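# Report on the structure
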Amino acid sequence: MPPTLSQYVSRKRQIPASARSTPYLPTGNILLLTERNAFRFDKRTLTSQSSKFREKIANMSDGSTDVVEGAAVLELPPWVTGQDLSAFLEALWEAPESYPLDTIESFMQLAGILRLSTAFDAPALRVATIAALQVRYPTTLEGWDRVRPPIAPSNPHETPPRTYAASWERDRSLVINLAREVAAYSIIPAAMAMLANDCSAGEVFGVRLPSAHHQNDDQDPFSPTSPPHSAFPFDPIQHTPLNLIDAPSFGLTKEHSHHSSIALLLSIRSLASTCTRPPQRLPPTAGRAPVGASTLLPGSSRCEGFFREVASRLLESLVLEVPVGFPDFVPRVLAVQEDPTRVCRVCWKRFGEEVRRGRERWWEDLPRVVRFAQADGEEWDEGWADERLMSVEG
């Protein structure tokens, strides 16, 4: 069995060129070793931001520490990878103002920084990386609207293609698993809501469902060669298995989304049930009548019938067309056109208020639905007010 890097360095008193990794500072006074990589870094920078490294380095002053190339050698645990440590040390040295997260590589770098800043107690870096994730996975409804604006589609019966700021965002499970690993709980509710809205259970759990549109009726729908069924034709297949703690929350979030859609439909359906006001404009037939007949006058309110029809159309689009989660259902509701000849101003204003309240209730209940209690045995009855779910930037 070949010697480990630590054994090689201890015996040869040198760092092989193949193991030297970025950052490898010429003026560095400490050598950090993983299983395959060596990093030369500044001790003061390391100890000023990480209490765990401060403790480790303080324990190196007993005279038994190897010194190579004028720098003390510190071997790190085997779970510390060279990729993560490189990203962590680069962030400590360069102190970037932001993390763009434009590519999967930039996300993996941020994941490494967050993972090690948590493990080695570097709070400033942990806050900075979580803040970068909270831009995409916010802790407020206002933040959600910036990421997923509830814009009414031009055609209320179609779901627009889902667009992503970066390719790695297609794999929501990747983000949820990272947040669970480092206890960045504030990321999970929004990420889970996006996962439940954008993907089917078959996509999340890797189950091939029978296609609803087979070109060949003789083909077995469960055959490996049959096309996979997806009710979300624009959305991606998940590549990362969802962790076992959060897997049940996916189903609960789906159910919460469905219940929120139905509750909004019921509130729309019951709108104007006692309204007696006339519509904003008289219908074209008002005041007209055939010769010899009584003059037609505007009757009682038409608002109730209008909203019942709206609710029926929305229910049909929710069930019979491309199914969507609550976040994508709301734009369909917002696409409803006002008909001044059938609805009064008061009831139309109430319609907008019901949509707003429905969205607020959906968001307010989201943390309780995710059920963090499965991980730590505690109930999260405070919802978004829980300090673990608040924005790191206050």
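Note that this is a predicted model, so its numbers are computed, not measured. (Residues numbered from 1 in each chain as written. Predicted model: local features only at pLDDT ≥ 70, side-chain atom pairs only at ≥ 80, totals over all residues. Heavy atoms only, no water.)

## So, the overall build of the protein
Counted only if it meets this: The secondary structure listing takes helices from DSSP runs of H or I that are at least 4 residues long and strands from runs of E that are at least 2 residues long, numbered from the N terminus. Burial here depends on accessible area, computed with a 1.4 Å probe over protein chains only, as a share of the maximum for the residue type. Under 20% is buried, over 50% is exposed, and the range in between is partly exposed. In what follows, a contact means two residues having at least one pair of non-hydrogen atoms within 4.5 Å. Every accessible area reported is derived by Shrake-Rupley at a probe size of 1.4 Å, with residue values counting cover from the shown protein chains alone.
In terms of regular secondary structure, the protein is built from 15 helices and five strands. Scored against the burial criterion, the 394 residues of the protein give a buried share of 46%. Excluding contacts between residues fewer than 6 apart, the proportion of contacts in the protein whose partners are at least 24 apart in sequence is 69%. As displayed, the protein offers around 20600 Å² of accessible surface, 53% of which is attributable to carbon and sulfur atoms.

## Details of the packing of helix H11 (residues 247-269) against helix H14 (residues 345-370)
Condition: Only C-alpha atoms enter the line fits that serve as axes; for helices the fit covers just the stretch in contact. Angles between N-to-C directions range over 0 to 180 degrees. With respect to orientation, any angle under 35 degrees is reported as roughly parallel, any angle over 145 as roughly antiparallel, any angle of 65 to 115 as roughly perpendicular, and every other angle as oblique. Rotating anticlockwise by less than a right angle from the far helix to the near helix defines a left-handed crossing, while the corresponding clockwise rotation defines a right-handed one. Note on residue classes: Ala, Val, Leu, Ile, Met, Phe, Trp, Tyr, Cys and Pro are nonpolar, Asp, Glu, Lys and Arg are charged, and everything else, Gly too, is polar.
The contact between H11 and H14 brings their axes to 10 Å, and the two run at 160 degrees. By the criterion of interaxial angle, the relationship of H11 to H14 is roughly antiparallel. Considering how the two elements wind past one another, H11 and H14 form a crossing that is right-handed. In this structure, H11 contributes Ser-249, Leu-252, Thr-253, His-256, Ser-260, Leu-264, Ser-267 and Ile-268 to the contact, and H14 contributes Phe-351, Glu-354, Val-355, Trp-362, Asp-365, Leu-366, Val-369 and Val-370. Here the residues of the contact of H11 with H14 are counted per class, giving nine nonpolar, five polar and two charged.

## Re H11
In plain terms, the rule: Expected span of a helix, by definition, is 1.5 Å for each gap between consecutive residues, and there is one gap fewer than residues.
Between its first and last C-alpha, H11 extends 34 Å over 23 residues, near the 33 Å set by a 1.5 Å rise per residue. Every buried residue of H11 is listed here: Ala-247, Ser-249, Phe-250, Thr-253, His-256, Ser-257, Ser-260, Ser-261, Leu-264, Leu-265, Ser-267 and Ile-268.

## So, unusual backbone geometry
Pro-23 follows Thr-22 through a cis peptide bond whose omega is 0 degrees. Looking at where Pro-23 falls in the secondary structure, it is placed in strand E1 (residues 20-24).

## A closer look at the nonpolar core
In plain terms, the rule: To qualify as a nonpolar core, a set must consist of buried Ala, Val, Leu, Ile, Met, Phe, Trp, Tyr and Cys residues joined through side-chain atoms within 4.5 Å.
Leu-32, Leu-46, Leu-85, Phe-88, Leu-89, Ile-268 and Phe-307 are the most contacted members of the largest nonpolar core, which has 88 residues in total. With near-sequence residues (within four places) excluded, Leu-46 lies in contact with Leu-32, Phe-41, Phe-53, Ile-57, Phe-88, Leu-89 and Leu-92.

## Points about the confidence of the model for the protein
Rules: Per residue, pLDDT captures the predictor's confidence, and it can take any value from 0 to 100.
Averaged over all residues, the pLDDT of the protein is 83; the fraction at 70 or higher stands at 78%. Low pLDDT, under 50, characterises residues 219-236; the predicted model gives this stretch 48 contacts beyond four residues in sequence or across chains. With pLDDT under 50 throughout, residues 293-299 is counted as low confidence; its partners more than four residues away or in other chains account for ten contacts.

## Thoughts on the sheet that holds strand E4 (residues 67-68)
Where we set the bar: By the convention used here, strands pair only if DSSP detects at least 2 bridges between them.
Sheet architecture is open: five strands sit in the order E1-E3-E2-E5-E4, paired in mixed fashion. Of all strands in the sheet, those with a lone pairing partner are E1 and E4, marking the two edges. Both strand E2 (residues 30-33) and strand E5 (residues 71-75) contribute to a ladder of four bridges, which runs parallel. By the bridge assignment for E5, Leu-33 is matched with Glu-75. Relative to strand E3 (residues 38-41), helix H4 (residues 82-94) is tilted by about 10 degrees, and along the sheet it contacts E1, E2 and E3.

## Quick word on the environment of Pro-123
Checked against the element boundaries, Pro-123 lands in helix H6 (residues 123-136). C-alpha separation for the pair Pro-123 and Ser-51, spaced 72 residues apart in sequence, amounts to 9.2 Å.

## Let's talk about the packing of aromatic side chains
Going by this rule: When the centres of two rings from Phe, Tyr and Trp lie within 6.5 Å, Trp using its six-membered ring, the rings pair. Their planes under 30 degrees apart give stacked, over 60 give edge-to-face, and anything left gives tilted.
Per the stated rule, a full pass over the model turns up 15 aromatic pairs. A connected cluster of aromatic rings, assembled from ring pairs, spans Trp-144, Phe-326, Trp-362, Trp-363 and Trp-384.

## Digging into a nonpolar patch on the surface
This is how the line gets drawn: Like-charged residues within 9 Å of one another, or nonpolar side chains (Val, Leu, Ile, Met, Phe, Trp, Tyr) within 5 Å, are grouped into patches, provided each residue has over 30% relative accessible area and no salt bridge. The term salt bridge refers to a pairing of a side-chain nitrogen on Lys or Arg with a carboxyl oxygen on Asp or Glu at a separation within 4 Å.
A grouping of Leu-315, Val-319 and Leu-320 is seen on the molecular surface, where their side chains present a nonpolar patch of about 310 Å² in accessible area. With respect to the helices and strands, the residue Leu-320 is situated in the loop between helix H12 (303-319) and helix H13 (326-334).

## Notes on helix H3 (residues 51-58)
Convention followed: To be clear, the arc concerns the directions from the helix axis to the C-beta atoms.
Those residues of H3 that sit buried are Ser-51, Phe-53 and Ile-57. Viewed along the axis of H3, the buried residues span an arc of 160 degrees, placing them on a single side of the element. Considering only its buried residues, H3 is in contact with E2, helix H2 (43-49), E5 and H4.

## Observations regarding the environment of Ala-119
As for its position among the elements, Ala-119 is in helix H5 (residues 104-119). Classification of Ala-119 as partly exposed rests on a relative accessible area of 32%. For Ala-119 and Val-80, which are 39 residues apart along the polypeptide, the C-alpha to C-alpha distance reads 9.7 Å. Apart from the residues within four sequence positions on either side, Ala-119 is in contact with Lys-52 and Trp-79.

## Here's the deal with the pattern of salt bridges
Counted according to the given criterion, the structure contains 15 salt bridges. Its salt-bridge partner being Arg-40, residue Glu-69 comes within 3.3 Å of it at the nearest N-O pair. Separated by 29 residues along the polypeptide, Glu-69 in the loop between E4 and E5 and Arg-40 in strand E3 bring together distant segments of the chain. On the accessibility criterion, Glu-69 (30% relative accessible area) is partly exposed. The partner of Arg-388 in a salt bridge is Asp-386, with the nearest N and O atoms 2.9 Å apart. Because the salt bridges share partners, they merge into one network encompassing Arg-20, Arg-40 and Glu-69.

## Digging into the state of the cysteines
Threshold: To count as a disulfide, a pair of cysteine sulfur atoms needs to be within 2.5 Å.
Summed over all chains, the structure comprises zero disulfides. Cysteine Cys-303 shares no disulfide, and the gap to the nearest cysteine sulfur, in Cys-344, comes to 3.6 Å. Assessed through its relative accessible area of 0%, Cys-303 is described here as buried. Distance from the sulfur of Cys-347, which forms no disulfide, to the nearest cysteine sulfur (Cys-344) is 3.5 Å. Residue class for Cys-347 comes out buried when judged on its relative accessible area of 1%.

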